[in-house]
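Reading the structure
Next come the chains, spelled out residue by residue.
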Amino acid sequence: MTVELGRYGIWRGATGLSPDLASEVEALGYGAIWIGGSPPGDLALAESMLAATKHIAVATGIVNMWTTPAEEVAASYHRIEAAYPGRFLLGVGIGHPEAITEYRKPYDTIVDYLDRLDIAKVPVEGRALAALGPKVLALSAERTAGAHPYLTTPEHTREARKILGEGTLLAPEHKIVLDTDPERARAIGRPVVAKPYLGLRNYVSNLKRLGWSDEDVADGGSDQLIDALVAHGDADAVAARLTEHLDAGADHVCAQVLPNADDPLPALRELAEALKLR
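The text that follows walks through the structure, step by step, so that each part is easy to find.

Basis of the calculations
- Residues numbered from 1 in each chain as written.
- Predicted model: local features only at pLDDT ≥ 70, side-chain atom pairs only at ≥ 80, totals over all residues.
- Heavy atoms only, no water.
- Core = buried A, V, L, I, M, F, W, Y, C linked by side-chain atoms within 4.5 Å.
- Buried < 20%, exposed > 50% of the residue type's maximum accessible area, 1.4 Å probe, protein only.
- Helix = DSSP H or I, 4+ residues; strand = E, 2+ residues; numbered from the N terminus.
- Contact = heavy atoms within 4.5 Å.
- Axes fitted to C-alpha atoms, helices over the stretch in contact; angles between N-to-C directions.
- Parallel < 35°, antiparallel > 145°, perpendicular 65-115°, else oblique.
- Left-handed = near helix turned anticlockwise from the far one by under 90°.
- Patch = residues over 30% accessible without salt bridge, like charges linked within 9 Å, V, L, I, M, F, W, Y side chains within 5 Å.
- Areas by Shrake-Rupley, 256 points an atom, 1.4 Å probe, with all protein chains shown as cover.
- Salt bridge = Lys/Arg side-chain N within 4 Å of Asp/Glu carboxyl O.
- Lys, Arg positive; Asp, Glu negative; His and termini not counted.
- Charge placed at Lys NZ, Arg CZ, Asp CG, Glu CD.

Core analysis: the largest hydrophobic core is formed by 58 residues, its most contacted members being Val 25, Tyr 30, Phe 88, Leu 90, Val 92, Leu 117 and Leu 271. The greatest single-element share of this core, amounting to 7 residues, is contributed by helix H12 (residues 265-275). Dropping the residues within four chain positions of it, Leu 117 is found in contact with Ala 70, Val 73, Ala 74, Leu 90, Val 92, Val 122 and Arg 127. Ranked by size, the runner-up nonpolar core spans 31 residues in total, among them Val 3, Ala 32, Tyr 150 and Val 230.

See below:
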């Protein structure tokens, strides 16, 4: 692993990111910005945020293997690495059956994509893999710098570390709502979790592996499930929840501020203070 992510970063959909926001996030002391929402293979947004900042890392969370040819994103990787060495991590991952018309075996597709990145000379230490289940987690340790799990809990992080072993990147995402009223916080977090994730078999299967029941994942998710997946409370409570991932074996955890449509900076400022980033 050659990209320094720091202990805490942010995760945000591509449409909610900009060079100006990246500069603000860097000034707050976060170590990395993860671009969500299957950014296009030209990686122009990543490049523009790196140009606007001095040291923060930028990662993709994730480039979708179904929609972006490996050769296209490899060319973008090399362009960015040449201009901003050691500051970009290429996160790649598989889609889900519900969104793909022609769906081949996911594992075989991942292996083929990583083979093509090898041919294009994208280094193992410069890429990470979206991974939830044991088989893909193990593959992430074998073929990339490590794993970027999404929609998980510290309990998943603990199990993932056992599979990955030591010395392999583990960088989970966790959603947050800075609101001390549980009902209001759940009203913000539940729609984001329920649609689409509780309708997608890979995420539901992962939650059931962690012990959640059919009842927990039905009807938008039980209160207990939403509380587990969306940290809420004041900044200190949210910071403590994120730190649980580090205590469970994560190297880095990235916070996704909800609601997505709002300006994330007020929440990120409070969180940065609670995390003592500066």
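Past the structure itself, the notes keep going.
We now examine the packing of helix H5 (residues 134-143) against helix H6 (residues 154-164). Two numbers describe how H5 lies on H6: the axes approach to 9 Å, and their chain directions differ by 55 degrees. Taken together, the axes of H5 and H6 are oblique relative to one another. H5 and H6 meet at a crossing whose hand is right-handed. Side by side, H5 and H6 meet where Pro 134, Leu 137, Ala 138, Ser 140 and Ala 141 of the first sit next to His 156, Ala 160, Ile 163 and Leu 164 of the second.

Mapped onto the elements of the fold, Val 124 is located in the loop between helix H4 (106-119) and strand E6 (127-129). Between the C-alpha atom of Val 124 and that of Leu 28, which follows or precedes it by 96 residues, the distance is 30 Å. Among all residues touching Val 124, those that are not within four sequence positions of it are Arg 143, Thr 144 and Ala 145.

A contiguous patch of negative charge on the surface is contributed by Asp 20, Glu 24, Asp 262 and Asp 263. Inspection of the secondary structure puts Glu 24 in helix H1 (residues 19-28).

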